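Chains, contacts and geometry: an overview
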Amino acid sequence: MKTVALGRTGIQVPVLAMGAASLGSIYHPVSQQQANDTVATALEHGVNYFDVAPYYGLTKAETALGGALKGVPRASYTLATKVGRYGDSQWDFSREATLRSIDESLARLGADYIDVIQCHDIEYGDLHQLVEEALPTLRELQQSGVVRHVGITGYDLALLEKLAVEQKVDTVMAYCTWTLQDRRLGDVARRLNQAGIGVLNASPLSMGLLTRGGAPAWHPAHEDIQNACRAVSALCDREGVNISQVALQFALTTAAEQGIATTVIGTASNANMLDNVRWCEQPLDAALLQKIDELIAPVLNIGWDVLPGNGGKAQK
């Protein structure tokens, strides 16, 4: 697996990283054995960057990942988790919550340090508390070696870039914004990369939008976006290829030129992990991408908070 420098952290990350949210049984029950097999397959193929959070499965994902990594030499993988989000509508970036969260994450993960600690979905939390309490606390822990690098995650690219530069964080992870349908992360990632900030692209399948099954009922994308993605999926089927394969290959093939270090894709399936590894080694079909671009053009770069045809105004 090819590796790339993650900003100025000194970490070499594989171009394909594993999101471990699914290990928390958030979509369907996942046994510890399934978690063990998926993680072992990832490691076997050089996918040794694991991203998780206390919020995923309400601590179950961290516990499952910790179990799967038990006995694996700590220096052989990079561990990223998060602080600040603890429920569907529960954020706490206080110093007390941050310290408690890290202690609990270390215990669940069976680790004595965290390589990349990230403030989770920052746009929904108290930004003053984030800047005045969480980030300074994480920097203190960085000095003591409990955490190695400090980052932020979210969907709001303008906020992520502004805060990352102002606070001089080490990494930024944005989700669903470097995909076949939404490519807004590119310009932001290049600027962040030039500032020495490592950039991670999460959810290249846009939380199910770019899959054969289509977006789940709760997906926030406008119906026009969903319809366009269904049309792309149908096109891929006619061409004899899975839309998920094309979506992942697009994200991986174009990442480097955008300043994106790695693409984080979630799975709790050994078979899916093998598919992801296989797909990332295959070239993107340029002719098919051109056809996809034509279908996706009317909704390209439209975020979930914007309705087509309303002058580009954010939907409240």
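Above this text you will find the structure in question.
Next up on the list: the side chain of Ser 244. Inspection of the secondary structure assignment puts Ser 244 in helix H8 (residues 243–258). Within the structure, Ser 244 has its side chain in polar contact with the backbone oxygen of Leu 210 (distance 3.4 Å). When sequence neighbours within four positions are dropped, the list of residues in contact with Ser 244 reads Leu 205, Leu 210, Thr 211 and Trp 279.

Their axes nearest at 9 Å, the elements helix H7 (residues 223–238) and helix H10 (residues 286–296) cross at an angle of 155 degrees. Classified by the angle their axes make, H7 and H10 are roughly antiparallel. Read as a crossing pair, H7 and H10 show a hand that is right-handed. Residues Ala 228, Cys 229, Ala 231, Val 232, Leu 235 and Cys 236 of H7 form the contact with H10, whose own contacting residues are Leu 288, Lys 291, Ile 292, Leu 295 and Ile 296. Residues that form the contact of H7 with H10 fall into these classes: 10 nonpolar, no polar and 1 charged.

Taken as a whole, the largest pocket spans an internal volume of roughly 1600 Å³. Around the largest pocket sit 48 residues that line it, and Ala 21, Ile 26, Tyr 27, Ser 203 and Met 207 are the ones nearest its centre. Of all elements in the fold, only strand S9 (147–154), strand S10 (171–175), strand S12 (262–266) and helix H9 (270–280) reach the threshold of two or more residues within the lining of the largest pocket. For the lining of the largest pocket, a count of residues per class yields 24 nonpolar, 19 polar and 5 charged. In this structure, the second largest pocket encloses a volume near 200 Å³. Around the second largest pocket, the lining is made up of 13 residues, and of these Lys 2, Val 4, Val 15, Leu 252 and Thr 253 lie nearest the centre. Going through the elements one at a time, H8 and S12 are the ones with two or more residues in the lining of the second largest pocket. Examining the composition of the lining of the second largest pocket, we find that 4 residues originate from one element, H8, more than from any other.

This part covers the packing of aromatic side chains. By the definition in use, this model includes 7 aromatic pairs. For the pair Phe 50 and Tyr 77, a centre-to-centre distance of 6.3 Å together with 75 degrees between the ring planes defines the contact as edge-to-face. You can see Phe 50 sitting in strand S4 (residues 49–51) and its partner Tyr 77 sitting in the loop between helix H2 (60–68) and strand S5 (78–83), a full 27 residues away along the chain. Take Phe 50 and Tyr 77: they sit in the same class, and that class is buried. Relative to Tyr 56, the ring of Tyr 55 lies with its centre 6.2 Å away and its plane at 55 degrees, an arrangement referred to as tilted. Both residues of the pair, Tyr 55 and Tyr 56, count as buried.

Here is what the cut-offs are and how they apply
Residues numbered from 1 in each chain as written. Predicted model: local features only at pLDDT ≥ 70, side-chain atom pairs only at ≥ 80, totals over all residues. Heavy atoms only, no water. Helix = DSSP H or I, 4+ residues; strand = E, 2+ residues; numbered from the N terminus. Polar contact = N/O pair within 3.5 Å; in protein donor to acceptor, adjacent residues only side chain to side chain. Contact = heavy atoms within 4.5 Å. Axes fitted to C-alpha atoms, helices over the stretch in contact; angles between N-to-C directions. Parallel < 35°, antiparallel > 145°, perpendicular 65-115°, else oblique. Left-handed = near helix turned anticlockwise from the far one by under 90°. Nonpolar A, V, L, I, M, F, W, Y, C, P; charged D, E, K, R; others polar. 1 Å grid on protein atoms, 1.4 Å probe; cavity = no way out; pocket = protein on both sides within 12 Å on 5 of 7 lines; lining within 4 Å. Points joined across faces, edges and corners; volume = space filled by probe spheres on them. Phe/Tyr/Trp six-rings, centres within 6.5 Å; stacked < 30°, edge-to-face > 60°. Buried < 20%, exposed > 50% of the residue type's maximum accessible area, 1.4 Å probe, protein only.

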